[in-house]
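Chain by chain, the residues:
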Amino acid sequence: MELFGRDLITTEEWEKESLDKVLSVAFEMKKHRFEKPFTEILKDRTFFMFFYNPSVRTRQSFEAAATELGGHAQFLEPKSMRLKSKEKAGETVEDAAKVMERYGVGIGIRILEDSIEEYGEGDALLREYAKYASIPVISMAHDKYHPCQGLADLMSLQEHMGEVKGAKITMMWGYSSMVRSWSSVQEDILLLPRYGMNFTLVFPEGFGLDPEIINQAKSNAESAGAKFEITHDRFEAMRGADVVYSRQWMSPKRYIIGKEEDQKLALQFKDWRLTPDLYRLTNNAYFIHPMPIDRGNEVDDAIASGPRSIIYDIAENRLHVQKAIMALTMAKGL
Ligand code: CP
């Protein structure tokens, strides 16, 4: 279970023992946040954060993580680099990766939504960096996966619930005009059943996710003795849920019909909002969301700011899991 030097594109590619190690280090780091040896793990070291898309939590938490580990996170955007693209000549990924490894100990990349022309392009770019860079490449959310979000969701549920095995989570498509990527939802679909959570996925007709990932999620659930169900009946899906999640995601047609047409598809389902009436069907469920939340559309304030909402704990735990991932993949000794 050597984690030093490993890429993290999705939790699906890491053994459960390695994910358990990340979580246990993250809990320790949370408890001893500003204490040695944690504050010196990346002393004098640089982590590159390469953002094709905007971010609030991911940038802030990775930057804070590098600081708290004694190092530095450098913010990079494509516009500040001279990279080759379909439209213009420039530096190749191979050259960029091989130069970055001479300066830093890790490369984080975010690429999704408007920064790609077809689903899978972001994932391919991360894997190209991973192929050429000898230092770890960490997904900071891309079109397919968001491993740091998945781990923060899991850590927060363990923190609040203790054992998560056997608990029911309902993930509901919630209306928004934001046309959001599949990254956070697909990561949870894969990860949480591995820990024995019974997963119910509910969305309006036409808003399915990546079929390969759905099949993998079903297999993960089966291996862990958990259930994985898909329905279009949000009232039935909410019954008995211990955890609820309500977030918009794009339709599978997004990169064929364009963003505006996808927004129009979503508009047909404006009533798909997590309301108190729906929430009352749950088992006093914890509310989770990766944020940013489209309040009043995806979910009502009564739930997002209600007593069972753990959204800010999840946002905080992004910091702790990322510190653990950085420490384990970019330094030796833990
Ligand atoms: N959850 C998440 O990745 O948030 P940001 O888009 O603000 O980074």
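Above this text is the structure in question.
As the structure is a computational prediction, the values presented were derived from the model and not from experiment.

A.B. asks: Would you mind showing me how to read helix α13 (residues 311-330) here?
C.D. replies: Three or four residues apart is the spacing at which side chains of an α-helix point the same way, because the helix has 3.6 residues per turn. Counted at 1.5 Å a residue, the expected span for α13 with its 20 residues is 28 Å, and the 28 Å between its end C-alpha atoms agrees. For α13, the tally of buried residues reaches 16 of 20 residues, placing the bulk of the element in the interior.

A.B. asks: Where do I start with the sheet that holds strand β5 (residues 168-173) in this structure?
C.D. replies: Strand pairing in a sheet is mediated by backbone hydrogen bonds. Such pairs are either parallel or antiparallel. Read across the sheet, five strands follow the order β7-β6-β5-β8-β9 without closing on themselves; strand pairing throughout is parallel. The outermost strands of the open sheet, each flanked by one partner alone, are β7 (228-231) and β9 (286-288). Geometrically, the sheet is characterised by an average inter-axis angle of 20° between neighbouring strands, direction not taken into account. The sheet contact formed by strand β8 (residues 243-247) and β9 spans three bridges and is parallel. Bridging from a neighbouring strand, valine 243 pairs with tyrosine 286 of β9. Lying over the sheet, helix α7 (residues 211-224) contacts β6 (198-202) and β7, oriented at roughly 140° with respect to β7.

A.B. asks: Help me out: how do you make sense of the site of the ligand in this one?
C.D. replies: The immediate surroundings of the ligand are formed by Ser55, Val56, Arg57, Thr58, Arg110, His146, Gln149, Pro290, Met291 and Arg318. Here an oxygen atom of the ligand sits 2.7 Å away from a polar atom, N or O, in the side chain of threonine 58. Between the ligand and proline 290, the relevant distance is 2.9 Å, taken from a nitrogen atom to a main-chain nitrogen or oxygen of the residue. Contact with the protein chains hides 92% of the accessible area of the ligand, taken as 250 Å² for the molecule alone. Grouping the amino acids of the shell around the ligand by side-chain chemistry returns three nonpolar, four polar and three charged.

A.B. asks: What exactly am I supposed to notice about a negative patch on the surface here?
C.D. replies: On the surface, Glu91, Glu94, Asp95 and Glu128 cluster together into a negatively charged patch. Considering the arrangement of structural elements, one finds glutamate 91 in the loop between β2 (72-76) and α3 (93-103). Since its relative accessible area comes to 36%, glutamate 91 is described here as partly exposed.

A.B. asks: Before we go on, may I ask you to explain the pattern of salt bridges in this structure?
C.D. replies: Scanning the model with the defined rule gives 22 salt bridges in all. The salt bridge involving aspartate 44 is made with lysine 43; its shortest N-O contact spans 3.7 Å. Residue classification places aspartate 44 among the exposed residues on the basis of a relative accessible area of 64%. Judged by relative accessible area, which is 44%, lysine 43 ranks as partly exposed. Salt-bridge contacts for lysine 323 lead to glutamate 68; the nearest nitrogen and oxygen are separated by 2.8 Å. Residue lysine 323 is found in helix α13, and its partner glutamate 68 is found in helix α2 (residues 57-68); the two are separated by 255 residues along the sequence.

A.B. asks: How should I be thinking about the pairing of strand β3 (residues 106-111) in this particular structure?
C.D. replies: The side chains of a regular strand alternate, residue by residue, between the two faces of the sheet. By the criterion of burial, β3 is predominantly enclosed, with six of the six residues buried. Judged by which residues are buried, β3 turns out to be covered on both faces: Gly106, Gly108 and Arg110 on one side and Ile107, Ile109 and Ile111 on the other are all buried. Pairing analysis gives five bridges linking strand β1 (residues 46-51) to β3, with the strands arranged parallel. What sits directly across from methionine 49, in β3, is glycine 108. Of the pairings in the sheet, the one linking β3 to strand β4 (residues 137-142) comprises four bridges and is parallel in character. Its bridge partner lying in β4, isoleucine 111 is registered against histidine 142.

A.B. asks: I would appreciate a short explanation of the pairing of β1 in the present structure.
C.D. replies: Burial analysis of β1 places six of its six residues in the buried class, the great majority of the element. Across the two faces of β1 the burial is the same, with Thr46, Phe48 and Phe50 and Phe47, Met49 and Phe51 all buried. Judged from the five bridges that link them, β1 and β2 form a sheet pairing that is parallel. Bridged to methionine 49 within β2 is phenylalanine 75. In this fold, β1 hands off to α2, which returns the chain to β2; that crossover is right-handed.

A.B. asks: Is there a simple way to explain the sheet that holds β3 in this structure?
C.D. replies: Spatial ordering of the open sheet is given by β2-β1-β3-β4, a layout of four strands whose pairing is parallel. On the outer flanks of this sheet lie β2 and β4, each paired with one strand and no other. Within this sheet the neighbouring strands show an average axis-to-axis angle of 20°, counted without direction. This element, helix α4 (residues 121-132), spans β1, β3 and β4 of the sheet and lies at about 170° to β4.

A.B. asks: Would you mind showing me how to read the packing of aromatic side chains here?
C.D. replies: Describing an aromatic ring pair means giving the distance of the ring centres and the angle of the ring planes. Under the defined criterion, the tally for this structure stands at 11 aromatic pairs. Consider the rings of phenylalanine 50 and tyrosine 129, whose centres lie 6.1 Å apart with planes at 80°: the pair is edge-to-face. Of this pair, phenylalanine 50 sits in strand β1 while tyrosine 129 sits in helix α4, and the two are 79 residues apart along the sequence. The exposure classification of phenylalanine 50 matches that of tyrosine 129, with both residues buried. An angle of 85° between the planes, with centres 6.2 Å apart, marks the rings of tryptophan 173 and phenylalanine 269 as edge-to-face. Residue tryptophan 173 is found in strand β5, and its partner phenylalanine 269 is found in the loop between α10 (259-267) and α11 (276-279); the two are separated by 96 residues along the sequence. The same class applies to tryptophan 173 and to phenylalanine 269, which are both buried. An aromatic cluster is built from Trp173, Phe207, Phe269 and Trp272, whose rings are joined through pairwise contacts.

What counts and how
- Residues numbered from 1 in each chain as written.
- Predicted model: local features only at pLDDT ≥ 70, side-chain atom pairs only at ≥ 80, totals over all residues.
- Heavy atoms only, no water.
- Helix = DSSP H or I, 4+ residues; strand = E, 2+ residues; numbered from the N terminus.
- Expected span 1.5 Å × (residues − 1).
- Buried < 20%, exposed > 50% of the residue type's maximum accessible area, 1.4 Å probe, protein only.
- Pairing = 2+ DSSP bridges.
- Axes fitted to C-alpha atoms, helices over the stretch in contact; angles between N-to-C directions.
- Contact = heavy atoms within 4.5 Å.
- Near = heavy atom within 4 Å.
- Polar contact = N/O pair within 3.5 Å; in protein donor to acceptor, adjacent residues only side chain to side chain.
- Areas by Shrake-Rupley, 256 points an atom, 1.4 Å probe, with all protein chains shown as cover.
- Nonpolar A, V, L, I, M, F, W, Y, C, P; charged D, E, K, R; others polar.
- Patch = residues over 30% accessible without salt bridge, like charges linked within 9 Å, V, L, I, M, F, W, Y side chains within 5 Å.
- Salt bridge = Lys/Arg side-chain N within 4 Å of Asp/Glu carboxyl O.
- Lys, Arg positive; Asp, Glu negative; His and termini not counted.
- Charge placed at Lys NZ, Arg CZ, Asp CG, Glu CD.
- Right-handed = clockwise from strand over helix to strand, strands pointing away.
- Phe/Tyr/Trp six-rings, centres within 6.5 Å; stacked < 30°, edge-to-face > 60°.

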